[in-house]
Every structure is written in C-alpha cells, then in structure tokens.
Amino acid sequence: MKRYGGIEAGGTKMVMAVADDKMNILCRESIATGAPDATLERMIAFFRGHPVDALGVASFGPLDLKKDSPTYGYITKTPKLDWVDYPLLPLLKAALDVPCELDTDVNAAALCEAKMGVAKGLKNCMYVTIGTGIGAGVYCEGNLVHGLMHPEWGHIPVAPRKDDTMPEGICPYHGGCLEGLASGPAIEKRWGKSAKELAPDHPAWQLEAHYLAQMCVTALMTVSPEKIILGGGVMGQRQLFPMIHKETMRLLGGYLACVKDTASLIVPPACYPDSGLVGALLLAKSALEEMG
Ligand code: ADP
Ligand code: ZN
C-alpha cells in the first residue's frame, strides 16, 4: 500500500495530509503560515513523522511550473512578499527525497473535482475560488492547463456596471479587474462591511453575481468547460448561485445554443473545503506513476 503526501499551501495556513491509494486521508495537520523557512521546517517535520512515497503540493501562486526552467517549483512574483522567489518545491524535494509534483491550488482543486467530485467523468472543467483573491484552475481534455505560465483568471478584465460606486477596483496592478471588483476584500471596501456580514438580500450580491457571470461567459466562450465549479469563502453566500445562473444566461444572449441550463453547469464543489488538498494528494499519485 502506497502512502501519498499532500500540502495545500495558502497565505493563511498550510494543510498537510497523508492518504492511502484510495485517497482516504489517514492523518492531517494544519499550521499557520509564518516566515517561509520556519514554515517549511514544520512541513518537513510533519512528513518525517509520517513518511510518504510521493508528495503533491497545491500552492498559492504565481508559480514557475516549467519543468526545464532553472527556477522550476519556485513561488514567483507573489503579493505575499516574504515568499517572492521562494524555492518551495526544490527545498521540499531535497529534504524528503521522494517524487514531487507542484501545481496551483486551483488547478489541484480542478483535478480533484474532475477525478472524484462534481465533474467526475468529464474531461473539461474549471474550478474558481472567490475569496481573498480570485483564481481559477482549468482542466482541459483530461489535463491541467499550464502553457506560458498557468491561468490567472482573477486578473481578467471585466466591464464595471454603470452604477458601481467603486468601478476603480482595488487590484494593485489593474484596479478594476475581476479580483479588483469581486474578491472578498473588494466587496468589503465597496460596502464598508465584511462580506460575511452583508444580508443575503443586500444589493452587493446582485452586483457580485453580475461580475461572476461575466467571468462565466468568458470561460464558456474560451475554454468551453463542461462544469464551472465556484468555491471559496464568498460562495458561502449560497443565494449567489441562482443569481449567477440567471445573469450568465442573460449575458450569453442566447448565443451558445448548447447551454440550456446554467444551474447544472455552474455549481458548488463536491469536495470543498478539501478540493485543493485532495488535488495535492492526486498530484502525488501522478508523480509516483510518472516514475513508473
Ligand atoms: P482565502 O481566499 O484567503 O484562502 P476564503 O476562501 O475563506 O480564504 O476567502 C476569504 C474571503 O471570503 C474573505 O474576504 C471573507 O470576507 C470572505 N468570506 C468568507 N466567508 C464568507 C461568507 N460566508 N460570505 C461572504 N463572504 C465570505
Ligand atoms: Zn488584477
């Protein structure tokens, strides 16, 4: 029986887990994300105590995922300044000496949902997190999309609604990109109240649904996902789903004849909040399989 290790690396916490062949989680631990070296030491200590045959890491980004790059496996230009140019995967691999695989947290979550969640059996899906930031992973024809770097859906341009009182947005790079207008902190800045505290019938949610529907339309017109899976803290507002379904249909303008029912197309994740962690464990499994 093989044992797989997984790490979901986030700006707030790091979650480590060990699973068996069937992806049953045997043990897990969560630690606060502190200074990089000290945090890494604690993650390594966890896997020294719970040895694994392979390790998968699902991390916040941006990441260098080009296997022939001298900085493969590094966190690159992240707004989490302590972690800029941090060799996350090389250090883990050097310490644990097992096959390792790294991907973005959202690509890993897309993989999890495609293999064992709400998109099981489908070859194309997309996992979007709407939380402190916005990001999306794309699973296309049975593979996670990397390419030039990896998808960065949080920063796609969206058109501000005419009556938005904060059309300038809050993204330090683009102002009113999707993340700048629709992330948790953007909602909080616009309405002067934490997103969690806004009532379900607050006008904030209709505006939020409008921006997320623009993102869904862009996704449908570009990567053609068979499921768009929306997770993250903000989607805890379950009333957003029917609003996004309706608004996406309206913005599509009848163009995609195959889209008859956005309610079965745009859905919550089945494995939340563990989609990223289980995705990391699946990456470990594929790292071992690749080694033959
Ligand atoms: P992170 O993105 O940091 O990994 P989350 O996905 O939990 O973590 O997102 C945190 C953001 O989501 C915060 O901006 C918070 O205000 C918002 N959020 C968390 N829970 C809710 C909720 N139930 N309703 C609305 N917004 C929420
Ligand atoms: Zn941006």
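What counts as what
Residues numbered from 1 in each chain as written. Chains lettered and ligands numbered in written order. Predicted model: local features only at pLDDT ≥ 70, side-chain atom pairs only at ≥ 80, totals over all residues. Heavy atoms only, no water. Pairing = 2+ DSSP bridges. Helix = DSSP H or I, 4+ residues; strand = E, 2+ residues; numbered from the N terminus. Axes fitted to C-alpha atoms, helices over the stretch in contact; angles between N-to-C directions. Contact = heavy atoms within 4.5 Å. Donors = N, O, S within 2.8 Å, 3.2 Å for Na, K, Ca; no water. Buried < 20%, exposed > 50% of the residue type's maximum accessible area, 1.4 Å probe, protein only. Near = heavy atom within 4 Å. Polar contact = N/O pair within 3.5 Å; in protein donor to acceptor, adjacent residues only side chain to side chain. Nonpolar A, V, L, I, M, F, W, Y, C, P; charged D, E, K, R; others polar. Phe/Tyr/Trp six-rings, centres within 6.5 Å; stacked < 30°, edge-to-face > 60°. Lys NZ or Arg CZ within 6 Å of the ring centre and 35° of its normal. Parallel < 35°, antiparallel > 145°, perpendicular 65-115°, else oblique. Left-handed = near helix turned anticlockwise from the far one by under 90°. Expected span 1.5 Å × (residues − 1).

Undergrad: What is the right way to read the sheet that holds strand β5 (residues 100-104) from this model?
TA: Hydrogen bonding along the main chain pairs the strands of a sheet, whether they run parallel or antiparallel. If you walk across this open sheet you meet the five strands as β3-β2-β1-β4-β5, and the pairing is mixed. Single-partner strands in this sheet number two, and they are β3 (25-32) and β5. Each strand of the sheet is rotated relative to its neighbour by a mean of 15°, with strand direction disregarded. Direction of pairing for strand β1 (residues 4-9) relative to strand β4 (residues 54-59): parallel, over a ladder of six bridges. Each residue of the ladder has a partner; that of G6, found in β4, is G56. Strands β1, β4 and β5 of the sheet are contacted by helix α3 (residues 105-116), whose axis makes an angle of about 100° with β5.

Undergrad: Could you clarify how one ought to interpret the coordination of the zinc ion (ligand 2) in this entry?
TA: Six octahedral donors around a metal ideally subtend angles of 90 or 180 degrees, whereas four tetrahedral donors ideally subtend 109.5 degrees. Every protein donor of the zinc ion (ligand 2) is listed here as H155 (ND1), C171 (SG), H174 (ND1) and C177 (SG), and their distances to the metal cover 2.1 to 2.4 Å. Relative accessible area serves as the criterion here: at 2%, C177 is assigned to the buried category.

Undergrad: Please clarify how the site of ligand 1 should be interpreted in this entry.
TA: Contacts to ligand 1 come from G131, T132, G184, P185, A195, K196, G232, G233, V234 and Q237. In the environment of ligand 1, an oxygen atom lies 2.5 Å from a nitrogen or oxygen atom belonging to the side chain of T132. Partitioned by chemical class, the residues of the shell around ligand 1 number three nonpolar, six polar and one charged.

Undergrad: I keep staring at the packing of aromatic side chains and nothing clicks. Help me out?
TA: For any pair of aromatic rings, geometry is given as the distance between the ring centres together with the angle between the planes. Counting across every chain of the model gives three aromatic pairs. With centroids separated by 4.9 Å and ring planes inclined at 90°, the aromatic side chains of F46 and F47 adopt a geometry described as edge-to-face. The pair F46 / F47 is uniform in exposure class, with both members buried. One aromatic cluster is present, formed by F60, W83 and Y86 through successive ring pairs. When the ring centre of F60 is taken as reference, the NZ or CZ atom of K80 above it lies at 4.9 Å.

Undergrad: Sorry if this is basic, but what is going on with the packing of helix α5 (residues 184-191) against helix α6 (residues 203-222) here?
TA: Two packed helices can be described by the angle between their axes and the distance between those axes. One way to put it is that α5 packs onto α6 with a least axis distance of 11 Å and a crossing angle of 140°. In terms of orientation, α5 lies oblique with respect to α6. Seen along the crossing, α5 lies across α6 with a hand that is right-handed. Residues I187, R190 and W191 of α5 lie in contact with α6, whose contacting residues are P203, A204, W205, L207, E208 and Y211. Each residue belonging to the contact of α5 with α6 can be placed in one class, and the counts come to seven nonpolar, no polar and two charged.

Undergrad: How should the environment of L148 be read in this particular structure?
TA: Residue position: L148 is located in the loop between β8 (143-144) and α4 (178-182). We classify L148 as exposed; its relative accessible area is 83%. Linking L148 and L65, residues 83 residues apart in sequence, is a C-alpha distance of 9.2 Å.

Undergrad: Would you mind going over the side chain of H150 with me for this structure?
TA: Inspection of the secondary structure puts H150 in the loop between β8 and α4. Classification of H150 as buried rests on a relative accessible area of 7%. Side-chain polar atoms of H150 contact the backbone nitrogen of L63, separated by 3.1 Å. Apart from the residues lying within four places of it in its own chain, the contact partners of H150 are P62, L63, L65, T104 and V145.

Undergrad: Please explain helix α7 (residues 240-252) as it appears in this structure.
TA: The end-to-end C-alpha distance of α7 is 18 Å, a good match for the 18 Å that 13 residues give at a rise of 1.5 Å each. Of the residues making up α7, those classed as buried are L240, F241, I244, H245, E247, T248 and L252. Residues of α7 that are buried make contact with α6, β9 (228-231), α8 (262-265) and β10 (266-267).

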